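Given next are the chains, with one letter for each unit.
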Amino acid sequence: MAALTAGGLTAGQDYQLIAFVTGFPLVGAGNYETVPVGIFSRRCVEEVESLHNRVRVTDVVGDSYERVLDCLRGARAEYNVPGAEPVNE
């Protein structure tokens, strides 16, 4: 959040990140579901090249897991148009 704010974006206006707290429902790595990580304005999506969130969890039996979530995956308009070819960057 500090990097977004330092880049001139405003929390609550340009982005709102969801807090992952104890009991937050995360999906397993073996399926195609996604986890909502936040809400982003068009300005935020256009100005931020990448935004990753590292999540560390410990399950009920004590095993620990870590995932790095790509927060802007699927947020760019060119990737959401049916039939559109991906943009080569």
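Structure shown above.
Note that the coordinates shown come from a computational prediction; the quantities given were computed from them, not determined experimentally. (Residues numbered from 1 in each chain as written. Predicted model: local features only at pLDDT ≥ 70, side-chain atom pairs only at ≥ 80, totals over all residues. Heavy atoms only, no water.)

## Re the overall build of the chain
Of the regular secondary structure elements, the chain holds 2 helices and 4 strands. Secondary structure elements of the chain, listed N to C terminal, follow the sequence α-β-β-α-β-β. The 89 residues of the chain split such that 17% are buried. Pairs at least 24 apart in sequence give 37% of the contacts found in the chain among residues at least 6 apart. (Helix = DSSP H or I, 4+ residues; strand = E, 2+ residues; numbered from the N terminus. Buried < 20%, exposed > 50% of the residue type's maximum accessible area, 1.4 Å probe, protein only. Contact = heavy atoms within 4.5 Å.)

## Let's talk about the side chain of Asp 14
By the secondary structure assignment, Asp 14 is in the loop between α1 (2–6) and β1 (15–17). Excluding residues that lie within four positions of it along the chain, Asp 14 makes contacts with Gly 8, Leu 9, Ile 39, Phe 40, Ser 41, Arg 43 and Cys 44.

## Regarding the pairing of strand β3 (residues 52–58)
For β3 and strand β4 (residues 64–70), the ladder comprises 7 bridges, and the chain directions are antiparallel. What sits directly across from Thr 58, in β4, is Ser 64. Connecting β3 to the antiparallel partner β4 that follows it, the hairpin turn spans 5 residues, and Gly 62 within it adopts a positive phi of roughly 95 degrees. (Pairing = 2+ DSSP bridges.)

## Let's talk about a nonpolar patch on the surface
On the surface, a nonpolar cluster with roughly 230 Å² of combined accessible area is contributed by Leu 26, Val 57 and Tyr 65. Mapped onto the secondary structure, Leu 26 falls in the loop between β1 and β2 (38–40). For Leu 26, a relative accessible area of 37% corresponds to the partly exposed category. (Patch = residues over 30% accessible without salt bridge, like charges linked within 9 Å, V, L, I, M, F, W, Y side chains within 5 Å. Areas by Shrake-Rupley, 256 points an atom, 1.4 Å probe, with all protein chains shown as cover. Salt bridge = Lys/Arg side-chain N within 4 Å of Asp/Glu carboxyl O.)

## Some words on the nonpolar core
With 11 residues, the main nonpolar core is built from Leu 4, Leu 9, Tyr 15, Val 37, Phe 40, Cys 44, Val 45, Val 48, Leu 51, Cys 71 and Leu 72. Not counting the four nearest positions on each side in its chain, Leu 72 is found in contact with Phe 40, Val 45, Val 48 and Leu 51. (Core = buried A, V, L, I, M, F, W, Y, C linked by side-chain atoms within 4.5 Å.)

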